[in-house]
Amino acid sequence: MTTDAFLADCRARLAFDLLSNTWNAVVLWALRDGPRRPVELREQIGGISSKVLTETLRRLQFNGLVDRQAHPDAPSRVTYQLTALGRTFLAPIDAVGAWAFEYGDEVMAAQEAACAR
């Protein structure tokens, strides 16, 4: 990696921007086992509004990580699934999750110490 790897137009910063959004990683992780309807995603994730889920799915679709499939059934239904590119993003999400599991208590202790000062 070069010294200017985190400039505004670099690929590393793009990846960090995708990873830093609270809901991107959560939605991608929820889609890891296959296609889901929006209502199924909301139930699985919990704590996400329909509006925020829709915005997140559109953002992930815009970035090529999620595919939207409209089914011609009656009543109409839509499912979302990971693209091949989206599947490649599961490894970094898993790595961050493993880091949080291992070091989360230390981070929370540091936050509590900072608030106590």
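The protein chain carries the name Helix-turn-helix transcriptional regulator in an unreviewed UniProt entry, which gives Streptomyces spinosisporus as its organism.

Draft legend 1. View of the overall build of the protein chain. When helices and strands are tallied, the protein chain shows six helices and two strands. For the protein chain, the succession of helices and strands along the chain, N to C, is α-α-α-α-β-β-α-α. Here the C-alpha atoms of the protein chain give a radius of gyration of 17 Å, more than 25% beyond the 13 Å that 2.2 N^0.38 yields for 117 residues. For the protein chain, the C-alpha atoms occupy an extent of roughly 60 × 35 × 25 Å along the three principal directions. Across the 117 residues in the protein chain, those meeting the buried criterion constitute 25%. Of the roughly 8200 Å² of accessible surface on the protein chain, 56% is carried by carbon and sulfur atoms. Of the charged side chains in the protein chain, 13 are positive and 14 negative; the average position of the first set lies 9 Å away from that of the second.

Draft legend 2. The arrangement of the packing of aromatic side chains in detail. Following the criterion strictly, the structure yields one aromatic pair and no others. A centroid spacing of 5.6 Å and a plane angle of 40° characterise the contact between tryptophan 99 and tyrosine 103, whose relative ring orientation is tilted. Of this pair, tryptophan 99 and tyrosine 103 both sit in helix α6 (residues 90-116), four residues apart, roughly one helical turn. A relative accessible area of 47% means that tryptophan 99 is categorised as partly exposed. By relative accessible area, tyrosine 103 is classed as partly exposed at 31%.

Draft legend 3. View of the UniProt feature "domain: HTH hxlR-type" (unreviewed entry) in the protein chain. What UniProt calls "domain: HTH hxlR-type" (unreviewed entry) maps, in this numbering, to residues 10-108. Overall, residues 10-108 shows 65% helix and 12% strand. The separation of its end C-alpha atoms is 31 Å.

Draft legend 4. The packing of helix α2 (residues 22-30) against helix α4 (residues 50-62), seen in detail. Remark: α2 packs on α4, axes separated minimally by 10 Å, with the N-to-C direction vectors making an angle of 80°. The angle between α2 and α4 falls in the class roughly perpendicular. Packed against α2, whose contacting residues are Trp23, Asn24, Val27 and Leu28, the element α4 presents Val52, Leu53, Thr56, Leu57, Arg59 and Leu60 at the interface. For the contact of α2 with α4, the per-class residue count stands at seven nonpolar, two polar and one charged.

About the cut-offs
Residues numbered from 1 in each chain as written. Predicted model: local features only at pLDDT ≥ 70, side-chain atom pairs only at ≥ 80, totals over all residues. Heavy atoms only, no water. Helix = DSSP H or I, 4+ residues; strand = E, 2+ residues; numbered from the N terminus. Rg over C-alpha atoms; globule rule 2.2 N^0.38 Å. Buried < 20%, exposed > 50% of the residue type's maximum accessible area, 1.4 Å probe, protein only. Areas by Shrake-Rupley, 256 points an atom, 1.4 Å probe, with all protein chains shown as cover. Lys, Arg positive; Asp, Glu negative; His and termini not counted. Charge placed at Lys NZ, Arg CZ, Asp CG, Glu CD. Phe/Tyr/Trp six-rings, centres within 6.5 Å; stacked < 30°, edge-to-face > 60°. UniProt positions renumbered as here; feature names shortened; annotations may be inferred. Axes fitted to C-alpha atoms, helices over the stretch in contact; angles between N-to-C directions. Parallel < 35°, antiparallel > 145°, perpendicular 65-115°, else oblique. Contact = heavy atoms within 4.5 Å. Nonpolar A, V, L, I, M, F, W, Y, C, P; charged D, E, K, R; others polar.

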